[in-house]
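If you want the building blocks of each chain, they are given just below.
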Amino acid sequence: MNLFGKKSSEKKSSEEVDKRPDGLDRLPAGQYLTKKWPVLSYERTPTGMPSDWKFKVTGQVEHPFELNWEEFLALPRTTMTSDFHCVTSWSRYDNTWEGVHIREILQRARPLPTAQFVLARSWTGYTTNLPLQKLDDDDVMIVLKHDGQPLEPDHGGPVRLLVPKLYAYKSAKWLDGLEFLEKDHPGFWEQRGYHNRGNPWQEERYW
Ligand SMILES: Nc1nc2c(c(=O)[nH]1)N[C@H]1C(S)=C(S)[C@@H](COP(=O)(O)O)O[C@H]1N2
Ligand SMILES: [Mo]
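Reading the values: the criteria
- Residues numbered from 1 in each chain as written.
- Chains lettered and ligands numbered in written order.
- Predicted model: local features only at pLDDT ≥ 70, side-chain atom pairs only at ≥ 80, totals over all residues.
- Heavy atoms only, no water.
- Helix = DSSP H or I, 4+ residues; strand = E, 2+ residues; numbered from the N terminus.
- Polar contact = N/O pair within 3.5 Å; in protein donor to acceptor, adjacent residues only side chain to side chain.
- Contact = heavy atoms within 4.5 Å.
- Phe/Tyr/Trp six-rings, centres within 6.5 Å; stacked < 30°, edge-to-face > 60°.
- Buried < 20%, exposed > 50% of the residue type's maximum accessible area, 1.4 Å probe, protein only.
- UniProt positions renumbered as here; feature names shortened; annotations may be inferred.
- Pairing = 2+ DSSP bridges.
- Near = heavy atom within 4 Å.
- Nonpolar A, V, L, I, M, F, W, Y, C, P; charged D, E, K, R; others polar.

Topic: the side chain of His 195
- Within the secondary structure, His 195 is located in the segment after strand 11 (175-181).
- Among the polar contacts made by the side chain of His 195, one reaches the main-chain amide nitrogen of Arg 197 at a distance of 2.9 Å.
- Once you skip the residues sitting within four places of it in the chain, His 195 turns out to touch Tyr 169, Lys 170, Glu 190, Glu 204, Arg 205, Tyr 206 and Trp 207.

A word on the packing of aromatic side chains
- Enumeration over the complete set of coordinates arrives at 16 aromatic pairs.
- Between Tyr 169 and Tyr 194, the aromatic rings sit 4.7 Å apart at their centres with planes inclined by 55 degrees, giving tilted as the arrangement. Of the two residues, Tyr 169 sits in the loop between strand 10 (160-162) and strand 11 while Tyr 194 sits in the segment after strand 11, which places them 25 residues apart along the sequence. Each member of the pair Tyr 169 and Tyr 194 is classed as buried.
- With a centroid separation of 4.8 Å and an interplanar angle of 20 degrees, the aromatic rings of Trp 189 and Tyr 194 are classed as stacked.
- By relative accessible area, Trp 189 is classed as partly exposed at 22%.

Overview of the UniProt feature "domain: Oxidoreductase molybdopterin-binding" (unreviewed entry) in the protein
- Using the residue numbers shown here, the UniProt feature "domain: Oxidoreductase molybdopterin-binding" (unreviewed entry) corresponds to residues 46-189.
- For the annotated span residues 46-189, helix accounts for 12% and strand for 41% of the residues, and the straight-line distance between the end C-alpha atoms is 19 Å.

Concerning the pairing of strand 5 (residues 90-101)
- Summarising burial for strand 5: nine of the 12 residues are buried, a large majority.
- Direction of pairing for strand 1 (residues 32-33) relative to strand 5: parallel, over a ladder of two bridges. Note that in strand 5 the partner of Leu 33 across the bridge is Ser 91.
- Here strand 4 (residues 78-85) pairs with strand 5 via seven bridges, running antiparallel. If you follow His 85 over to strand 5, its bridge partner there is Ser 91.
- Counted along the chain from strand 4 to the antiparallel partner strand 5, the turn is four residues long, and its residue Ser 89 has a positive phi close to 100 degrees.

A closer look at the site of ligand 1
- With respect to spatial proximity, 21 residues lie near ligand 1, and among them Pro 38, Tyr 42, His 155, Arg 160 and Lys 173 are the closest.
- With respect to ligand 1, the backbone of Ser 171 contributes an N or O atom lying 3.0 Å from a nitrogen atom.
- Separating an oxygen atom of ligand 1 from a side-chain N or O atom of Lys 173 is a distance of 2.5 Å.
- When its residues are assigned to classes, the shell around ligand 1 shows 14 nonpolar, four polar and three charged.

What follows is the structure in structure tokens.
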């Protein structure tokens, strides 16, 4: 027992974990923790997906493809827990996400060597860009559920991107496509002052 009545061997609760496996601080500099999940959208929450919604994989890939909603829902699912960091300074720990792992998409698409960047698109017109190398990561997925519930419309439901290691503006809500590009193409917020890379552990917030 230590002074706080805890055995030093006692397992820390998840919130007490303050380092990531790679040694970086779990809470990036300048962030504060919230238990609530704020909504941050430029556009008004759409009333539903377009009836002709398709998930479109285009650009520098060997195998461009489109999936309708039924086909998208038939893709293999995965569940992962990760933290979410907004550039406006709030972070929310331990979100459990269910959806389609990005590698399910990448395996089907087979990006060409010329594919260096990706532009994620929302059916609302929102876009966000990132290097393919940042998209092709173990914790990146296309999300359908959050903490066991279907993703709420305000949070991008029924389908959004999730890139936990970058500020959340890279996690496009109301997703309808990924375009693989040779050259970088700044997305919606990246053209309007948000940092092009958006790494929270480098505090790449604004330009
Ligand atoms: N389509 C769309 N996606 C978006 C945004 C947006 O305005 N439109 N905002 C981004 C920003 S800045 C953040 S912090 C997160 C917020 O996700 P949340 O509203 O589910 O918390 O969504 C990102 N994805
Ligand atoms: Mo954000």
